[in-house]
Amino acid sequence: MRSEFAYASPSSLGEALEILKDFGERTCVIAGGTDLMIAIREGELRAELLVDISRIPELRLIREEGNQICIGPLVTHGELASSGLIKKGASVLGRAANSVGSPQIRNMGTIGGNIINASPAADTIPALVVLEAQVTLKKREGERSLPITDFYLGPYKTIIGAQELLTKITFAKLDDTWKSSFIKLARRKALAISRINIAVLAKMDEMRAKEVRVSIGSSTPTPCRMEKAEAVLRGAVPSAAVIEEASRIVAEEMVARSGVRPSTEYKRPAVQGLVKKALQEAFNIGL
Amino acid sequence: MKNIKISFVINGKKEEREIPPNISLLKLLRDHLGLTGTKNGCEAGECGACTVLLDGRPVYACLVLAPKVDGKEIITIEGIGEEGKLHAVQKAFLAHGAVQCGFCTPGMILAAKALLDERPNPSRKEIEDAISGNLCRCTGYLQIVKAIEASGKGGKGEV
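Residue numbers here run from 1 along each chain, matching the order of that chain's written sequence. Written order determines the labels here, with chains lettered from A and ligands numbered from 1. A pLDDT threshold of at least 70 governs which residues receive local features in this predicted model, and a stricter bar of 80 or more applies before side-chain atom pairs are shown or counted, although totals over entire chains, interfaces and linings include all residues. Side-chain numbers come from the whole structure's heavy atoms, not from hydrogens or water.

Attention now goes to the overall build of chain A. What counts as a helix is a DSSP run of H or I of at least four residues, what counts as a strand is a run of E of at least two, and both are numbered from the N terminus. Secondary structure summary: chain A contains 11 helices and 13 strands in total. Overall size of chain A, expressed as C-alpha extent along the three principal axes, is 60 × 45 × 30 Å. Residue burial in chain A is summarised as follows: out of 287 residues, 56% are buried. Whether two residues are in contact is decided by their heavy atoms: any pair within 4.5 Å suffices. Counting only contacts in chain A whose residues sit at least 6 apart along the sequence, the fraction spanning at least 24 positions is 62%. We get accessible surface area from the Shrake-Rupley algorithm with a probe of 1.4 Å; when it comes to residues, only the shown protein chains can shield them. When the accessible area of chain A is evaluated, it comes to approximately 12,500 Å², of which 50% is carbon and sulfur surface. His is not counted, nor are the chain ends; Lys and Arg add positive charge and Asp and Glu add negative charge. A charge is said to be at NZ when it belongs to Lys, at CZ for Arg, at CG for Asp and at CD for Glu. Charge-centre separation for chain A: the mean point of 39 positive side chains lies 4 Å from the mean point of 33 negative side chains. Exposure categories follow from relative accessible area, calculated using a 1.4 Å probe and restricted to protein chains: below 20% of the type maximum is buried, above 50% is exposed, and the middle band is partly exposed.

Structure follows, in structure tokens:
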């Protein structure tokens, strides 16, 4: 039995926030629908009112605001992957978006949906974590902005309130002293959920890594940075030995955060190997 | 559940329908419009058999909530080529033996058409990326890739 609900399709943000104010817990917001359609088909969507935000033009933009890039939640993975602004100022996000699902999924699925659905395997989240992205949540009475790492409570759980809507994602544009990499491991190249994904950003000062940010997805309960490994890399001249050490530490941090499980035995070396590859790629050495 | 009214352009023709808001575009096409050329494979966005073009872009009809197509344009396999005259991609699929059981074919052809509309002479890598969301369990893909390559090059789908 498919889920049943009433359907609303507000054409402005104000109208959407009114609906969420009035119906709160009884609503569910739909953007591209690539995740929700499965729940609807299975009869698992419990909302009385489905609020389709896809006809709100202002939520659809990618724009530059000073040195910030500001992305509306309705921007699709396909649009992110082909955006010149993203390619130039946040290529790690473009690559992450391009690894989602398949062309068809990328044409419908949105960055907002990827964030809100809060799957531990979401591909854009590690990229947003290393970009130190802020998410803005708005309700009729006002809005709040917070770092994306503070947004998650656990797998598929976030702090968003029933009357709130994610209205934008912002982060500082990166200049070309920043190098990056994004690696995803899944059963196949397309149409497969990430087993592990890794995003790396490194700010280079001549030969030295001034600042390094590493986040791995699908491997920790909530999105986070690998701070111990980042500390090892900070200020170092990237070498095979430093990268080896940092990769080992990331694998340890992953186990410390997610606990020892039956899968740990293969995940630990897999994480280590992939982080090594991601760091090598970011620093452009040893390939 | 209250029905809603939507209007859209399907294969060049304007249509209006009253539908339950919880159905997929796939169901709208097959059960409400009788366009069964679009195949129902997995109904979970994993096989690509239901690929159609929504405002020119390939999407999985099973993952599109039908009310979302209000005001939009949809092209299905029935809408390419003309009566008695196949589209270049369809011809190339026949010429290259790219059709075996045929279940993935409508979706494959629409994914290919979307690519060719944007890039008339795609590279092999671009072709492989464009059909990466469409599974085929018979052909091994090589004939399909060759067919798309051929329809790109000559623009006529000749061998």
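Residues and elements named next belong to chain A. Considered domain by domain, chain A is made up of domain 1 (6-52), domain 2 (57-172) and domain 3 (178-283). How far each domain reaches was decided by an automatic or database domain assignment. In this structure, domain 1 and domain 2 have C-alpha centres spaced 19 Å apart. On the domain 2 side, the residues contacting the 15 residues of domain 1 number 18 residues. Each of two parts loses accessible area, computed with a 1.4 Å probe, when they are put together; buried area is these two losses added. Carbon and sulfur atoms make up 65% of the surface buried where domain 1 meets domain 2, a total of about 1,400 Å² over both sides. It is Leu13, Leu17 and Lys21 that lose the most area in domain 1 upon contact with domain 2, and together they represent 41% of the buried surface on that side. Here a salt bridge means any side-chain nitrogen of Lys or Arg lying within 4 Å of a carboxyl oxygen belonging to Asp or Glu. The interface formed by domain 1 and domain 2 contains 2 salt bridges. Between glutamate 141 and lysine 21 there is a salt bridge whose closest N-O contact spans 2.7 Å. Any pair of nitrogen or oxygen atoms within 3.5 Å is treated as a polar contact; in protein, a donor-acceptor pairing is required on top of that, and neighbouring residues in sequence qualify only through side-chain atoms on both sides. The interface formed by domain 1 and domain 2 holds 3 residue pairs in polar contact (both at pLDDT 80 or more) in total. Counting only elements with at least two residues in the side of domain 1 that touches domain 2, the list comes to helix H1 (13-23) and strand S2 (27-30). It is H1 that contributes the most residues to the side of domain 1 that touches domain 2, 6 residues altogether.

This part is about helix H2 (residues 88-95) of chain B. Along H2 of chain B, the residues classified as buried are Ala88, Val89, Gln90, Ala92 and Phe93 of chain B. Where H2 of chain B terminates, the next one or two residues include glycine 97 of chain B, which has phi positive at roughly 60°.

What follows covers the environment of isoleucine 19 of chain A. Residue and element names in this part refer to chain A. With respect to the helices and strands, isoleucine 19 occurs in helix H1. In the structure, isoleucine 19 is positioned 255 residues away from leucine 274 in sequence and 45 Å away in space, judged by C-alpha atoms. Sequence-distant contacts of isoleucine 19, defined by excluding residues within four places in its chain, comprise Ala8, Pro10, Gly24, Leu49 and Val51.

Residue and element names in this part refer to chain A. Strand order in this open sheet of 3 strands is S1-S3-S2, and the pairing throughout is parallel. With one partner strand each, in any of the chains shown, strand S1 (6-8) and S2 form the two edges of the open sheet. Shown here is a sheet whose adjacent strand axes are inclined to one another by a mean of 25°, direction ignored. Angles here are taken between N-to-C directions and fall from 0 to 180 degrees, while the axes themselves are lines fitted to C-alpha atoms, restricted in helices to the stretch in contact. Against the sheet, H1 touches S1, S2 and strand S3 (49-52), its axis set at about 160° to S3. One requirement defines pairing of two strands: DSSP has to find at least two bridges between them.

For the rest of this paragraph, the subject is the interface of chain B and chain A. Facing the 32 residues of chain B at the interface are 26 residues of chain A. Between chain B and chain A, a total of about 2,300 Å² is buried, with carbon and sulfur atoms accounting for 60% of that surface. On the chain B side of the contact with chain A, Asn22, Leu63 and Lys68 of chain B bury the most area, a combined 28% of that side's loss. Where chain B meets chain A, there are 2 salt bridges. Two residues, arginine 2 of chain A and glutamate 43 of chain B, come together in a salt bridge whose shortest N-O distance is 3.8 Å. Seen at the junction of chain B and chain A, the total is 14 residue pairs in polar contact (both at pLDDT 80 or more). For the side of chain B that touches chain A, the secondary-structure elements that each account for two or more residues are strand S3 (51-54), strand S4 (57-60) and helix H4 (124-130) of chain B. Each residue is assigned to one of three groups, with Ala, Val, Leu, Ile, Met, Phe, Trp, Tyr, Cys and Pro labelled nonpolar, Asp, Glu, Lys and Arg labelled charged, and all others, Gly among them, labelled polar. Partitioning the side of chain B that touches chain A into residue classes produces 19 nonpolar, 7 polar and 6 charged.

What follows concerns the environment of cysteine 224 of chain A. Residues and elements named next belong to chain A. Tracing the sequence through the fold places cysteine 224 in the loop between strand S13 (208-217) and helix H9 (227-233). A sequence separation of 74 residues divides cysteine 224 from aspartate 150, and the C-alpha atoms of the two residues are 9.3 Å apart. Ignoring any residue separated from it by four or fewer positions in sequence, one finds cysteine 224 in contact with Val129, Thr149, Val214, Ser215, Ile216 and Arg257.

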